[in-house]
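# Reading the structure
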Amino acid sequence: IACRESALPKKNTAMYTYYEQHGIIRDIIVDHLLNLVALVCMEPPSTLSDKALQEEKLNLLKNIKVANRKDSKLVLGRCDTYPGKQPTFATMVLTIDTDRWRGVPIILKAGKGVNEKRTDIRLQLKNPLFQQYSTTRPVDSDDVLPNTSSLRQMAPRNEIVIRVQPNEDVYVKVVTGASGSMVMETKLDFLANDPSEKKHAFTRSPYERLLADVVRGNRDAFIDAKVLKQRWKLFSDLVTEIDGVHDFIPYKLGSRGPVESDQLMKAVGFIEQEKIETELIGVKKTSTMSVLQSKFDISMDTMQEIIADFFQEIRDGLACKPSSLKMLPSYVTKLPDGTEEGIYYALDIGGTNFRVTRFEMDGHGKAELTDERKFTIPDAVMVANEPSALYDFLAECITTVKGDPNEVRKYGYTFSFPCRQLAIDKGVLINWTKGFKTKGVEGQEVVAPLQVALKKLGFEGTIVALVNDTVGTLASGAYLDPSCQIGIILGTGTNAAYREDARNIMTLPEDLREGEMVVNMEWGAFGDRRKMLPVTEIDETLDEQSRNPKQQSFEKMISGFYLGEIARLAMVKLINAKELFADPKTEVTKEIFEPYSFKSWFLSDIEYDLSDGYRVIEKVLNHYGISGVTNEDKLMLKEISGMIIDRAAKLTACAIVATIKHLQKPASECSVGIDGSVFEHHPSFRQRLDQALTELGYECGVFLSKDGSGKGAALIASGL
């Protein structure tokens, strides 16, 4: 029974502190693997009640004998890069004194910083006394057990495997006869559904499952006080013996662990066998769905290529060389750290609404929203022939927010339109978007006219900062966590900003290239210059039918505006291939064939539907007049949603890793603040993003950083 993790606890984190207090024995073996031992080896309970389960677990635990440091059935190791004192690896052999398990070695193996992330249970069956077959692959002569012939040992062993994570599975590896007297290994899967067909489908995390059990009143996965006490009683002597000991066997990061572990397992009769890649029995021939899965699945090699390309685009953009990343200087040279004090305001115009907010900052990391007003911008203003119509309207809105008459008002101004920044408080509108057509504004500075309109009304106050909403997200993140290096918007659109050494920003005048400055990356356009992204036929179709073909390539693969359309196009492709909604009883209406009719938030509903019969998915489909769908259709929709979100999370992880690599800082010192509906509201996006970052070896903290356009802008104003 093994639990292996590729990551190590990072120094100066809560996990590191916890781990240094508990170590590998307490953290994994006692708390996790011993429970698996009980579930696998206990006698069948009289009933399936939680009381009967606990009784059998307790009976089993009372018959376990634990290894100690004095005998030869315990190996403790520590990864060569782990800075702490605790062991990070343990292999031990238990024995169970019951009729069923007497004489069977129970091997527990736990390791951090090893070559894979996997938890599985392998019941290896003994070889038959008279083996008639030989293997199709060479076998180490050391595998031959004493007093047996080499012919008898050459065939691999049958195994029953329960894989707990990743991708839950239950299967048997069976030795079957091939040509002549040779054998081959075949994988017989016990799951009702082929997991290869649902490899992206979202599954709840362990803690989510436990919380769901709590809500339902199901105690099956929990233990009572007697079982807990017995578990600790078994290991109390050993953990006491280990505390204070520091001479553990070293092993390299990313290895299998100490070789002594393999030697111990071999000594008690366990034969390490090759992992077979045999396709599951009953797997369907190549289908449209399987082709889509393979194209949406981003391999580690592809991720590394994307990271390398993104990294180079950062460097080229900063150096004024051709790049799909604009790398615009924001002129923000100071980010908040929680010590800000006073009253500051934010103005936010990003569409048909204008927002004015007032914040009070206490100097101890708390920014309280004390007033907020939202105004709808009239159509007449949006298409006015004179710029004064717009600025006068905005000024009148600003004056409605009352405060202390004696306070000095400072405003941060979030202007979410394409803008060329000239200074911290100056910027020129490049072109209108989002339905605005007000004349006399494009190509002109946008702060000074609003300042003039305020003065005409006799209103005191100064707009001290013109802010991009992504820069504001970074400011909000830095206010919560001073180690925040990157701010990201992942909502309807996407963008990122980060802290840069001003000496690297060649677009800045030389006299301003000192200290630190926030750079607005405009990363939605990554991949526009040349092929840098794993584009599928569906992405190509979406791009061709979009309002801006050949632009915003990255945004079209990860942002909320497009994710629903990607799903709809995949559904249409499968419908046409008669792999989705193909049952004669299923009714499909024309609405699903309408571009952008399938909203991105439906992906959340579909992927997180854990109800009996998938009632939420049924409700989503009923919205489109689709009825009579089968459970297989619903499972396929979950897979479609999962593979789209999984790809978006992996691509986001690639961009984050490339940015951190450019910063040349340890990932543990770089947290990332993210705002937007995709990150905040999609149930599995953050989980998938964390997993991708871990697999890439960059376990940076990722957290929700809200209201960059409001609070973030006010925080930037507070530093000026």
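Below is a summary of the structure that appears in this document.

What counts, and where the lines are drawn
Residues numbered from 1 in each chain as written. Predicted model: local features only at pLDDT ≥ 70, side-chain atom pairs only at ≥ 80, totals over all residues. Heavy atoms only, no water. Helix = DSSP H or I, 4+ residues; strand = E, 2+ residues; numbered from the N terminus. Contact = heavy atoms within 4.5 Å. Areas by Shrake-Rupley, 256 points an atom, 1.4 Å probe, with all protein chains shown as cover. Lys, Arg positive; Asp, Glu negative; His and termini not counted. Charge placed at Lys NZ, Arg CZ, Asp CG, Glu CD. Salt bridge = Lys/Arg side-chain N within 4 Å of Asp/Glu carboxyl O. Buried < 20%, exposed > 50% of the residue type's maximum accessible area, 1.4 Å probe, protein only. Axes fitted to C-alpha atoms, helices over the stretch in contact; angles between N-to-C directions. Parallel < 35°, antiparallel > 145°, perpendicular 65-115°, else oblique. Left-handed = near helix turned anticlockwise from the far one by under 90°. Nonpolar A, V, L, I, M, F, W, Y, C, P; charged D, E, K, R; others polar. Pairing = 2+ DSSP bridges. Patch = residues over 30% accessible without salt bridge, like charges linked within 9 Å, V, L, I, M, F, W, Y side chains within 5 Å. Core = buried A, V, L, I, M, F, W, Y, C linked by side-chain atoms within 4.5 Å. Arc of directions from axis to C-beta. Expected span 1.5 Å × (residues − 1). Phe/Tyr/Trp six-rings, centres within 6.5 Å; stacked < 30°, edge-to-face > 60°.

Here we come to the overall build of the protein. Looking only at helices and strands, the protein has 21 helices and 24 strands in total. Expressed as lengths along the three principal axes of its C-alpha atoms, the size of the protein is roughly 100 × 65 × 50 Å. In the protein, 70% of the contacts between residues at least 6 apart in sequence involve partners at least 24 apart. Just so you have it, the protein exposes about 34100 Å², and 52% of that area is on carbon and sulfur atoms. Averaged over its 90 positive side-chain charges, the protein has a centre that lies 3 Å from the centre of its 101 negative ones.

Quick look at the pattern of salt bridges now. Applying the stated criterion across every chain yields a total of 39 salt bridges. A salt bridge links Glu 159 to Lys 173, with the nearest nitrogen and oxygen atoms 3.5 Å apart. Pair noted here: Glu 159 is in strand E8 (residues 159-165) and Lys 173 is in strand E9 (residues 169-177), with a separation of 14 residues, a long-range link. Among the residues examined, Glu 159 registers a relative accessible area of 2% and is labelled buried. We classify Lys 173 as buried; its relative accessible area is 3%. For Arg 358, the salt bridge goes to Glu 407, with nearest N and O atoms at 3.4 Å. Of this pair, Arg 358 sits in strand E14 (residues 353-362) while Glu 407 is found in the loop between helix H10 (387-399) and strand E16 (410-415), placing the two residues 49 residues apart along the sequence. Assigned by exposure class, Arg 358 and Glu 407 land together as buried. Connected via shared salt-bridge partners are Arg 4, Glu 116, Arg 118, Asp 120, Arg 122, Glu 159 and Lys 173.

Looking now at the packing of helix H7 (residues 288-296) against helix H15 (residues 560-576). One way to put it is that H7 packs onto H15 with a least axis distance of 10 Å and a crossing angle of 150°. Relative to H15, H7 is oriented roughly antiparallel. You can see that H7 and H15 cross each other, and the crossing is right-handed. Contacts between H7 and H15 involve Thr 288, Met 289, Leu 292 and Phe 296 from the first element and Ile 566, Ala 570, Lys 573 and Leu 574 from the second. Of the residues assigned to the contact of H7 with H15, the class counts are six nonpolar, one polar and one charged.

Strand order in this open sheet of six strands is E12-E22-E21-E20-E23-E24, and the pairing throughout is mixed. Both outer strands of the open sheet, strand E12 (328-329) and strand E24 (702-704), are each paired with one neighbouring strand and no more. Note: strand E21 (residues 494-501) against strand E22 (residues 516-520), five bridges, orientation antiparallel. Looking across to E22, one finds that Tyr 498 is bridged to Val 519. Most of the contacts of helix H18 (residues 631-663) go to strand E20 (residues 484-490), to which it runs at about 155°, and overall it touches E20, E21 and strand E23 (671-675).

Attention shifts here to unusual backbone geometry. In this structure, Cys 320 takes a positive phi of about 65° despite not being glycine. Considering the arrangement of structural elements, one finds Cys 320 in the loop between helix H8 (300-318) and E12. One non-glycine residue, Tyr 614, lies in positive phi territory at about 55°. Inspection of the secondary structure assignment puts Tyr 614 in the loop between helix H16 (601-607) and helix H17 (615-623).

This part is about a positive patch on the surface. On the surface, Lys 51, Lys 62, Lys 226, Lys 229 and Lys 233 cluster together into a positively charged patch. For the positive patch, the element with the highest residue contribution is helix H5 (residues 225-242), accounting for three residues. By secondary structure assignment, the location of Lys 62 is in the loop between helix H2 (50-61) and strand E2 (64-65).

Residues Phe 598, Ile 640 and Leu 689 are the most contacted members of the largest nonpolar core, which totals 111 residues. Looking at this core element by element, the count peaks at 17 residues for H18. Ignoring anything within four residues of it in the chain, the contact list for Leu 689 reads Ala 649, Thr 652, Ala 653, Ile 656, Ile 674, Phe 679 and Val 702. Core analysis: the next-biggest nonpolar cluster, separate from the first, contains 47 residues, Val 30, Leu 58, Leu 94 and Ile 121 among them.

What follows covers H7. Listed as buried for H7 are Met 289, Leu 292, Gln 293 and Phe 296. Projected onto a plane normal to the axis of H7, the buried residues spread over an arc of 100° and lie on a single side. Looking at the buried side of H7, the elements it contacts are helix H13 (537-545), H15 and H18.

As a further point, take the environment of Leu 569. Relative to the helices and strands, Leu 569 resides in helix H15. Overall, the relative accessible area of 12% leaves Leu 569 in the buried class. Along the primary structure Leu 569 and Phe 593 are separated by 24 residues, whereas in three dimensions their C-alpha atoms are 8.3 Å apart. For Leu 569, the contacting residues outside a window of four places in its chain are Ile 538, Thr 541 and Leu 542.

For E23, the tally of buried residues reaches five of five residues, placing the bulk of the element in the interior. Burial of E23 is two-sided: the residues Ser 671, Gly 673 and Asp 675 facing one way and the residues Val 672 and Ile 674 facing the other way are all buried. Direction of pairing for E23 relative to E24: parallel, over a ladder of three bridges. Bridging from a neighbouring strand, Ile 674 pairs with Leu 704 of E24.

With that settled, consider H2. Spanning twelve residues, H2 covers 16 Å between terminal C-alpha atoms, matching the ideal 16 Å at 1.5 Å per step. Looking only at H2, the buried set comprises Ala 52, Leu 53, Gln 54, Glu 56, Lys 57, Leu 58, Leu 60 and Leu 61. Residues of H2 that are buried make contact with helix H1 (14-41), E2, strand E4 (89-96) and H5.

Taking strand neighbours across the sheet as the criterion, the five strands line up as E15-E14-E13-E16-E19 in an open arrangement whose pairing is mixed. The open sheet has two edge strands with one neighbour each: strand E15 (367-376) and strand E19 (462-467). Mean inter-strand twist for the sheet, computed between neighbouring axes without regard to direction, equals 20°. Pairing of E16 with E19 involves five bridges; the strand directions are parallel. Paired with Tyr 411 across the strands is Ile 463, a residue of E19. Where H10 meets the sheet, it contacts strand E13 (341-349), E14, E15 and E16, and its direction lies at approximately 35° from that of E14.

Per the counting criterion, the structure on display carries 21 aromatic pairs. Here the aromatic rings of Trp 523 and Phe 554 are separated by 5.6 Å at their centres, their planes lie at 85°, and the arrangement is edge-to-face. Residue Trp 523 is found in the loop between E22 and H13, and its partner Phe 554 is found in the loop between H13 and helix H14 (555-558); the two are separated by 31 residues along the sequence. Of the two residues examined, Trp 523 and Phe 554, each falls in the buried class. Here the aromatic cluster, defined as three or more aromatic residues joined through ring pairs, consists of Tyr 413, Phe 415, Phe 417, Trp 432 and Phe 436.

Counting buried positions along E14 gives seven out of ten residues, so the element sits mostly inside the fold. Pairing of E13 with E14 involves nine bridges; the strand directions are antiparallel. Each residue of the ladder has a partner; that of Ala 346, found in E14, is Thr 357. Two elements, E14 and E15, share nine bridges in a ladder whose sense is antiparallel. In the sheet register, Phe 359 faces E15, and the bridge partner there is Leu 369. In textbook terms, the turn of a hairpin is the stretch between consecutive antiparallel strands, and for E14 and E15 this stretch comprises four residues, one of which, Gly 363, has a positive phi near 85°.

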